[in-house]
Amino acid sequence: YEAFAKYAEIVIRRFGERVNTYIPFNEQNAAALLGGSMLPQELTPEERRRNQELVYHHHFMASAAVWHLARQYAPHAKVGGMVNFLPMYPATSKPEDVLAAQQADQRYNFRALDIFARGKYPAELLREWEENPPYRDGDLAYIGQAKMDFLAHSYYQSAAVQDAPIDPTVPFAALFGVSMTKNPHLNVSEWGWAIDPVGLRLCVKEIYD
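Everything quoted here is computed from the prediction, not taken from an experiment.

Enquirer: Explain the packing of aromatic side chains to me, please; I cannot follow it from the model alone.
Expert: Any aromatic ring pair is given by two values, namely how distant the centres are and how the planes are angled relative to each other. One pass over the structure, following the stated rule, counts eleven aromatic pairs. With centroids separated by 5.5 Å and ring planes inclined at 45°, the aromatic side chains of Phe-60 and Phe-116 adopt a geometry described as tilted. On the criterion of sequence distance, the pair formed by Phe-60 in helix α3 (residues 45-73) and Phe-116 in helix α4 (residues 95-118) is long-range, its members being 56 residues apart. Take Phe-60: its relative accessible area is 1%, and that puts it in the buried class. Of the residues examined, Phe-116 reaches a relative accessible area of 2% and is grouped as buried. Their ring planes at 80° and their centres at 5.3 Å tell us that Trp-191 and Trp-193 sit as a pair that is edge-to-face.

Here it is, written out as structure tokens:
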């Protein structure tokens, strides 16, 4: 994240009072996962998992750096966290599907929002990292000071989640880390994405809450 911080410092100092709003990353939750998906294929599953954790953590250190730098060089400016929000519906009322949808919702949507709004990693993520955390001394405090000034989002579709192995042929299923299936109650676009205006209402309500 140090290299990104140097870049951000140059930008913020050069633009000075001319810029009032900064968003460090577009769709930061998706960007962090996408960065991990670009890792070399020859890595072992353990190496891939570890590198994904580092990618995720450095994304949030970098966004925190923008907040800190703005406070230093452009205190008038607001810095916001931005996510791609994907409402996760259980594919059925089967308890395993409900649990899978809740877990996917937490991992993809709310981990990032928790960090932006509360300035800390959620407890379930810290438990995952307990044995070999990707952060160094002082990192959590650095992120903790950088609560975002606002939250922003994109919204494209919702997802129907099932308790089943991930089908790599389903667009974005592997990236999101969830087993997605067709929602029989929704039409789809020519891209195959669910057309779900109610999902947008759910999205903004959840973020506001």
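Moving on from the coordinates now.
Enquirer: When you look at empty space enclosed by the protein in this model, what are you seeing that I'm missing?
Expert: Once rolled over the atoms, a probe with the size of a water molecule shows which space is left empty. Applying the stated criterion across every chain, the model contains one cavity of 30 Å³ or more. The calculated volume of the largest cavity comes to roughly 40 Å³. If you go around the largest cavity, the residues you meet are Phe-60, Ser-63, Ala-64, Ile-115, Phe-116, Ile-143, Ala-146 and Met-148. Listing elements by their share of the lining of the largest cavity, those giving two or more residues are α3 and α4. Per-element tally for the lining of the largest cavity: the top contributor is α3, with three residues.

Enquirer: I would appreciate a short explanation of the packing of helix α2 (residues 28-37) against α4 in the present structure.
Expert: Between two packed helices, both the angle of their axes relative to each other and the distance between the axes serve to describe the pair. Put simply, α2 and α4 touch, their axes get as near as 9 Å, and they point 115° apart. Considered as vectors, α2 and α4 are oriented roughly perpendicular to each other. Like other packed secondary-structure pairs, α2 and α4 cross with a definite hand, here right-handed. Mapping the contact onto sequence places Gln-28, Asn-29, Ala-30 and Leu-33 in α2 and Tyr-108, Asn-109, Ala-112 and Phe-116 in α4. Looking at the contact of α2 with α4, its residues break down into five nonpolar, three polar and no charged.

Enquirer: So what exactly am I meant to see when it comes to the sheet that holds strand β3 (residues 88-90) here?
Expert: One open sheet accounts for three strands, arranged β3-β5-β6; its pairing is mixed. The open sheet terminates on both sides in strands that have one partner only, identified here as β3 and β6 (180-181). Taken together, the three bridges between β3 and strand β5 (residues 159-161) define a ladder with parallel strand orientation. From the neighbouring strand, Met-88 faces β5, where its bridge partner is Ala-159.

Enquirer: Which parts of the structure should I look at to understand the sheet that holds strand β2 (residues 78-84)?
Expert: Taken in spatial order, the three strands line up as β1-β2-β4 in an open sheet, and their pairing is parallel. Edge positions in the open sheet fall to β1 (21-22) and β4 (150-154), since each of these has one partner strand only. In the sheet, β2 pairs with β4 via five bridges, with the strands oriented parallel. Note that in β4 the partner of Gly-80 across the bridge is Phe-150.

Enquirer: Would you explain helix α1 (residues 2-15) in this entry?
Expert: Working note: α-helix, 3.6 residues per turn, so residues spaced by three or four point in the same direction. A rise of 1.5 Å per residue sets the reference length of α1, with its 14 residues, at 20 Å; its end C-alpha atoms lie 20 Å apart and thus fit the reference within 8%. Residues of α1 that are buried sit in contact with β1 and α3. Positive phi shows up at Gly-16, right after α1, with a value of about 50°.

Enquirer: Whenever I open this one, the layout of surface pockets confuses me. Can you help?
Expert: Looking at the largest pocket, its volume works out to about 590 Å³. Around the largest pocket, the lining is made up of 21 residues, and of these Leu-33, Arg-49, Gln-52, Leu-175 and Gly-177 lie nearest the centre. Put simply, the parts of the chain that give the lining of the largest pocket at least two residues each are α2, α3, α4, α5 (123-128) and α7 (173-176). Per-element tally for the lining of the largest pocket: the top contributor is α3, with six residues.

Rules behind the numbers
- Residues numbered from 1 in each chain as written.
- Predicted model: local features only at pLDDT ≥ 70, side-chain atom pairs only at ≥ 80, totals over all residues.
- Heavy atoms only, no water.
- Phe/Tyr/Trp six-rings, centres within 6.5 Å; stacked < 30°, edge-to-face > 60°.
- Helix = DSSP H or I, 4+ residues; strand = E, 2+ residues; numbered from the N terminus.
- Buried < 20%, exposed > 50% of the residue type's maximum accessible area, 1.4 Å probe, protein only.
- 1 Å grid on protein atoms, 1.4 Å probe; cavity = no way out; pocket = protein on both sides within 12 Å on 5 of 7 lines; lining within 4 Å.
- Points joined across faces, edges and corners; volume = space filled by probe spheres on them.
- Axes fitted to C-alpha atoms, helices over the stretch in contact; angles between N-to-C directions.
- Parallel < 35°, antiparallel > 145°, perpendicular 65-115°, else oblique.
- Left-handed = near helix turned anticlockwise from the far one by under 90°.
- Contact = heavy atoms within 4.5 Å.
- Nonpolar A, V, L, I, M, F, W, Y, C, P; charged D, E, K, R; others polar.
- Pairing = 2+ DSSP bridges.
- Expected span 1.5 Å × (residues − 1).

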